[in-house]
Amino acid sequence: MNEVVDVRLKVFGRKDLLGLQDLHPDEIRLILDTARSFREISERPIKKVPTLRGKTLVNLFYEPSTRTRTSFEIAAKRLSADIININVPQSSIVKGEGLKDTVKTIEAMEASIVVIRHGQAGVPHILAHMVKSSIINAGDGAHEHPTQGLIDMFTILEKKGSLEGLRIVIVGDILHSRVARSNIFGLTKMGAKVCVCGPPTLIPPKVEQLKVEVYYKLEEAIKDADVIMLLRMQLERQCPNLFPTLLEYTKLYGLNKERLRVASQDVLVMHPGPINRGIEITPDVADSHYSVICDQVRNGIAVRMTVLYLLSGNRGRL
Ligand code: ASP
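Predicted model, so just to flag it, every value in this text is computed and none were measured.

Examining the sheet that holds strand β1 (residues 56-61)
- Across the sheet, which stays open at both edges, the four strands sit in the order β2-β1-β3-β4 with parallel pairing between neighbours. The sheet terminates laterally at β2 (82-87) and β4 (134-140), the two strands that pair on one side only. Pairs of neighbouring strands in the sheet enclose a mean axial angle of 15°, with direction left out of account.
- Sheet topology places β1 next to β2; six bridges connect them, and they run parallel. Opposite V58, over in β2, you have I84 as the bridge partner.
- Packed onto the sheet, helix α4 (residues 123-130) meets β3 (113-118) and β4 and runs at close to 170° relative to β4.

A short note on the packing of helix α5 (residues 146-160) against helix α6 (residues 178-189)
- Where α5 meets α6, the axes come as close as 8 Å, and the angle between the chain directions of the two elements is 55°. Between α5 and α6, the interaxial angle falls into the category oblique. The interaxial crossing formed by α5 with α6 has right-handed handedness. Here α5 contributes P146, Q148, G149, D152, M153 and I156 to the contact with α6, which in turn contributes V179, S182, N183, G186 and L187.

Quick notes on the pairing of strand β6 (residues 193-197)
- Burial within β6 is extensive, with four of its five residues counted as buried.
- In terms of strand pairing, strand β5 (residues 167-171) meets β6 through five bridges, oriented parallel. From the neighbouring strand, I170 faces β6, where its bridge partner is V196.
- For the handedness criterion, the β-α-β arrangement of β5, α6 and β6 is classed as right-handed.
- In the sheet, β6 pairs with strand β7 (residues 213-215) via three bridges, with the strands oriented parallel. Following the sheet pairing, C195 is matched in β7 by E213.

Describing the site of the ligand
- Near the ligand the following residues occur: R117, H145, R178, V179, R232, Q234, G273 and P274.
- Between an oxygen atom of the ligand and a side-chain N or O atom of R232, the distance comes to 2.8 Å.
- One of the backbone N or O atoms of G273 is found 3.1 Å from a nitrogen atom in the ligand.
- Looking at side-chain class alone, the shell around the ligand contains two nonpolar, three polar and three charged residues.

Here we look at the environment of L17
- For L17, the location among the structural elements is in the segment before α1 (25-42).
- Note on L17: relative accessible area 1%, which makes it buried.
- Here L17 is in contact with L23, I135, I136, N137, P146, T147, L150, V307 and L311, once residues within four sequence places are set aside.

With respect to the nonpolar core
- Core analysis: the largest hydrophobic core is formed by 63 residues, its most contacted members being L150, M153, I156, I170, L187 and L308.
- Looking at this core, the element that brings in the most residues is helix α11 (residues 293-311), giving nine residues.
- Dropping the residues within four chain positions of it, I156 is found in contact with G161, L163, L166, I168, L187, V227, M229, L268 and M270.

A word on the side chain of S133
- Assignment of secondary structure puts S133 in the loop between α4 and β4.
- At 3.0 Å, the side chain of S133 and the backbone oxygen of A111 are in polar contact.
- Once residues within four sequence positions are removed from consideration, S133 is found in contact with K15, D16, E107, A111, S112 and V114.

Focus: the packing of aromatic side chains
- For the structure on display, the rule yields three aromatic pairs.
- Between F243 and Y249, the aromatic rings sit 5.9 Å apart at their centres with planes inclined by 55°, giving tilted as the arrangement. Judged on exposure class, the residue F243 and its partner Y249 are both buried.
- Members of the aromatic cluster, each reached through a chain of ring pairs, are F243, Y249 and Y253.

A few points about unusual backbone geometry
- Between G273 and P274 the backbone carries a cis peptide bond, its omega angle lying at -5°.
- Assignment of secondary structure puts P274 in the loop between β9 (268-270) and α10 (283-286).
- For S80, which is not a glycine, the phi torsion comes out positive at approximately 70°.
- Of note, S80 is situated in the loop between α2 (67-78) and β2.
- With a phi angle near 70°, N241 is a residue other than glycine that sits in the positive phi range.
- When you line up the elements, N241 lands in the loop between β8 (227-230) and α8 (246-253).

Criteria and cut-off values
Residues numbered from 1 in each chain as written. Predicted model: local features only at pLDDT ≥ 70, side-chain atom pairs only at ≥ 80, totals over all residues. Heavy atoms only, no water. Pairing = 2+ DSSP bridges. Helix = DSSP H or I, 4+ residues; strand = E, 2+ residues; numbered from the N terminus. Axes fitted to C-alpha atoms, helices over the stretch in contact; angles between N-to-C directions. Contact = heavy atoms within 4.5 Å. Parallel < 35°, antiparallel > 145°, perpendicular 65-115°, else oblique. Left-handed = near helix turned anticlockwise from the far one by under 90°. Buried < 20%, exposed > 50% of the residue type's maximum accessible area, 1.4 Å probe, protein only. Right-handed = clockwise from strand over helix to strand, strands pointing away. Near = heavy atom within 4 Å. Polar contact = N/O pair within 3.5 Å; in protein donor to acceptor, adjacent residues only side chain to side chain. Nonpolar A, V, L, I, M, F, W, Y, C, P; charged D, E, K, R; others polar. Core = buried A, V, L, I, M, F, W, Y, C linked by side-chain atoms within 4.5 Å. Phe/Tyr/Trp six-rings, centres within 6.5 Å; stacked < 30°, edge-to-face > 60°.

If you want it as structure tokens, here you go:
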């Protein structure tokens, strides 16, 4: 990950970024390679380039978000784009405006890119067909969260040098996690060995068909793991009684220093946030040298700058 590649000649031929399921490994590779150049920009004393000057990005979030919305905002500002945040509860949407009309209005404002988060799976895909603006899926229900998957892959690559053959264990509420799905799609395409672990009620039926191994016992899953990715319980998407209590969940699946011993010595501990300290991870593990949680947040800006740049036809100056 030392050499910064000149990616200006390579073109990402898509209008939208909707998920990692549809991307070819070469497209993922292009994004991850390009992100190295944007990491370099983020390390400059003046972290701003004129690449997207004159373009407008709209952040349209129907579900709460701190990290993702802010990260897209910083990424757009570093590329000199204009950015509008639409706070859904205060917009006309609560007055009954339909999704299509909202986006048509945004398009009439000549937004080049719309970043959308929505509680329903598939909404970004529908919009992508309806409007000329590029659509970036910032999380659609329990379906996909492609930029988070790319950030996680970029962070692992940065630390491990390659994804090929790594044992990566995703722990928790796999059934309702869009982060898990995007990571499964992306990591398996890039040659990693992906395992999922959690209570049987939170593992999607037939998940093995996505080329993952399934574990129900944490100690067995994380044995010799190179990466452990923890997930938050998606309580807002769960129906009741999927597991007894959060305390019970922590007893069986919470990652602590003791349990970490069976993993590889240089294991990376990851979490997309927001973290529930003391539930899926103990504070000492979250703050340990194994944890790359802050790297994930930092890399989020570079990866999102990359996605904005590539979707804009990578024509601007870096
Ligand atoms: N921030 C991630 C998401 O929006 C993970 C989470 O909320 O647990 O899916």
